[in-house]
Amino acid sequence: MLEDQRLLWRLKRGDKEALRGIYEKYKDNMLTVATSLLHDTGSAEDVLHDVFVSFAMGVRKLKLRSSLRKYLITSIINRVRDRFRTRKHHVVELDAVGPISSDSESPEQSAILTEESQLLTGALARLPLEQRETIVLHLKAGMKFNQIAKMQGISISTVQGRYRYGLSKIRTILNGEMRK
Amino acid sequence: MNPTDNLERLIKEFQVTTSIETDKRILDDAFAALEESAREESPGLRESMRQLVVFPTVIKLAAVAAVAVVACTLFFKALSPKAIELGQVYQALQKAENVCVATYTGAYSEPVQQVWTSRTLKVVMYKSQTGAQAQFDLFDIPNRLKKTKYLPSGTVATEKLSAEAVIRAERSMRDVFELVPFANIDSAPKGSQWRALDKFEIPGLRPGEASVPGTKAYEMTWPAEKFFYKCRIFADAKSNLPKRTEYYFKEKPQDQYKFENMQVATYPTEKEIKLLIREVFGPDQDRSGEPGYIGTPEHQPQ
């Protein structure tokens, strides 16, 4: 937190090394959150790119009300939501058996994600976006349930319900995959 | 561990890493965006550019050439023969073993933050907030620990530093502590100027603080921002280490600079830093939470 303040302080004065420092500190976490939600490293990298370039563009006017990490993760979530809206990403329901949704089938994707990760993100991709987002925000972005509730404008019990139900679905999906 | 724990752990451990090519692409674009925003958001710079455009071409070229010559002469070079260059301040800071930096803003007479860095002990301690609400954060690299002490309760929380956090802490130790405005001299934007100040050019920040004893004052200005920035560095006449750095800003070239914040530096000994840490977090054993704490040994090998 204090380190972030120092980096932002420098960045606002035009220090490029501070921008590099922030990128190096948060890029993997941001990319992992985006990949978990999109199940596609290519699209996730595009989201990371867009968020970070926007951040660089607007950082001089930025007045943080929370932590830098939360700000960047929220930006990733918002950008992913935009992507779902504009590209009409469809959410694959558990009952609708079919191929895992993905924007690309690039060979690089296979190279980066291990088989276990592929299974996991594949299972996540089959969840409704709300459940997926809740699980990712809690486990990958380290947000507490009350923070997620505040962010999504819903009650904590709804968040907890989505989380439990989402995990249960993932377990069912993974067990099914293992039996194949 | 139940199946839910396993699944949660699996998701927590899932990590995607960017490729070097992706890093380069994103950083290049982010740097370009940063520069573009500086151009777009600087009304003073826009005004300056507009004025430049209305000059006849010959005058414009002559003016640009003159500015370039003056800038080359002034940038990183002091006017007085006894003065030092900015690079010497960076060099002195990079050699400093132990540094304490206190940050003051206009509204507070007490520092809003203090940071003690010991490059020899490999520890960094922050004190944020003031008075009864103060909080201390100690990054102990040899023990890979972060300890936080909250006042007034005196509660101490300990957590292990991840490998990444250790790398970041080590990197922060190599920096220059905001006593100079940029992490390294190459990051200074084009158009930056550095010059020595004469005594009469140094108005007091507060009564009785017109100058810092034993120092020589310098001023650096740079325009690559929404605002125009200026910092005034009081560097020790012997060691070249900054003892105080004041930051000012203004929105337009014709405005007066406004005070933003000030860093006051002292250079304690290793022993003094050890004592301070002990005072805050208790004896070594208590700090590590385990016997055999070796982060800050009492007796250094000769």
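Our structure's up above, just so we're on the same page.
Residues numbered from 1 in each chain as written. Chains lettered and ligands numbered in written order. Predicted model: local features only at pLDDT ≥ 70, side-chain atom pairs only at ≥ 80, totals over all residues.

(A) The arrangement of the overall build of chain A in detail. When its secondary structure is counted, chain A shows nine helices and zero strands. The order of helices and strands in chain A, counted from the N terminus, is α-α-α-α-α-α-α-α-α. Among the 180 residues that make up chain A, the fraction classed as buried is 43%. Sequence separation of at least 24 residues holds for 69% of the intrachain contacts in chain A that already meet a minimum separation of 6. (Helix = DSSP H or I, 4+ residues; strand = E, 2+ residues; numbered from the N terminus. Buried ≥ 20, exposed ≤ 12 C-beta atoms within 10 Å, placed from the backbone. Contact = placed C-beta atoms within 7 Å.)

(B) Structural context of the interface of chain A and chain B. Listed by partner, the interface residues are 39 residues for chain A and 41 residues for chain B. Elements supplying a minimum of two residues to the side of chain A that touches chain B: α1 (2–11), α2 (16–38), α3 (41–58), α6 (115–125), α7 (129–139) and α9 (156–179) of chain A. At 12 residues, the largest contribution of residues to the side of chain A that touches chain B is made by α2 of chain A. Grouping the amino acids of the side of chain A that touches chain B by side-chain chemistry returns 17 nonpolar, seven polar and 15 charged. (Nonpolar A, V, L, I, M, F, W, Y, C, P; charged D, E, K, R; others polar.)

(C) The environment of Thr215 of chain B, seen in detail. Residues and elements named next belong to chain B. Its location among the elements puts Thr215 in strand β8 (residues 215–222). With 18 C-beta atoms counted inside 10 Å, the residue Thr215 sits in the partly exposed group. With 21 residues separating them along the chain, Thr215 and Asp236 place their C-alpha atoms 4.3 Å apart. The contacts of Thr215, once residues within four sequence positions are left out, are Phe234, Ala235, Asp236, Ala237 and Lys243.

(D) Just the pairing of β8 of chain B, in detail. With four bridges joining them, strand β7 (residues 193–196) of chain B and β8 of chain B adopt antiparallel strand pairing. The residue bridging Trp194 of chain B from the neighbouring strand is Met220 of chain B, located in β8 of chain B. (Pairing = 2+ DSSP bridges.)

(E) Representation of the packing of α2 of chain A against α7 of chain A in the model. Residue and element names in this part refer to chain A. Running from N to C, α2 and α7 point in directions that differ by 155°, and their axes come no closer than 10 Å. With respect to α7, the axis of α2 lies roughly antiparallel. In the packing of α2 onto α7, the handedness of the crossing is right-handed. Here α2 contributes Val33, Ser36 and Leu37 to the contact with α7, which in turn contributes Arg132, Glu133 and Val136. In terms of residue class, the contact of α2 with α7 is made up of three nonpolar, one polar and two charged. (Axes fitted to C-alpha atoms, helices over the stretch in contact; angles between N-to-C directions. Parallel < 35°, antiparallel > 145°, perpendicular 65-115°, else oblique. Left-handed = near helix turned anticlockwise from the far one by under 90°.)

(F) The pairing of strand β1 (residues 98–105) of chain B, seen in detail. All names here are of chain B. Among the eight residues in β1, six count as buried, and that is most of the element. Pairing geometry for β1 and strand β2 (residues 113–118), over six bridges, is antiparallel. Residue Ala102 lies in a different strand from β2, and its bridge partner there is Gln114. Sheet analysis places β1 next to strand β11 (residues 258–266), joined by six bridges and oriented antiparallel. When the sheet's bridge partners are listed, Cys100 is paired in β11 with Thr266.

(G) Representation of the environment of Ser37 of chain B within the structure. For Ser37 of chain B, the position within the fold is in helix α2 (residues 20–41). Judged by the 19 C-beta atoms lying within 10 Å of it, Ser37 of chain B is partly exposed. The contact partners of Ser37 of chain B, leaving out residues within four places of it in the chain, are Met57, Gly58 and Arg60 of chain A.

Without other data, these values stay purely geometric and don't point to any function.
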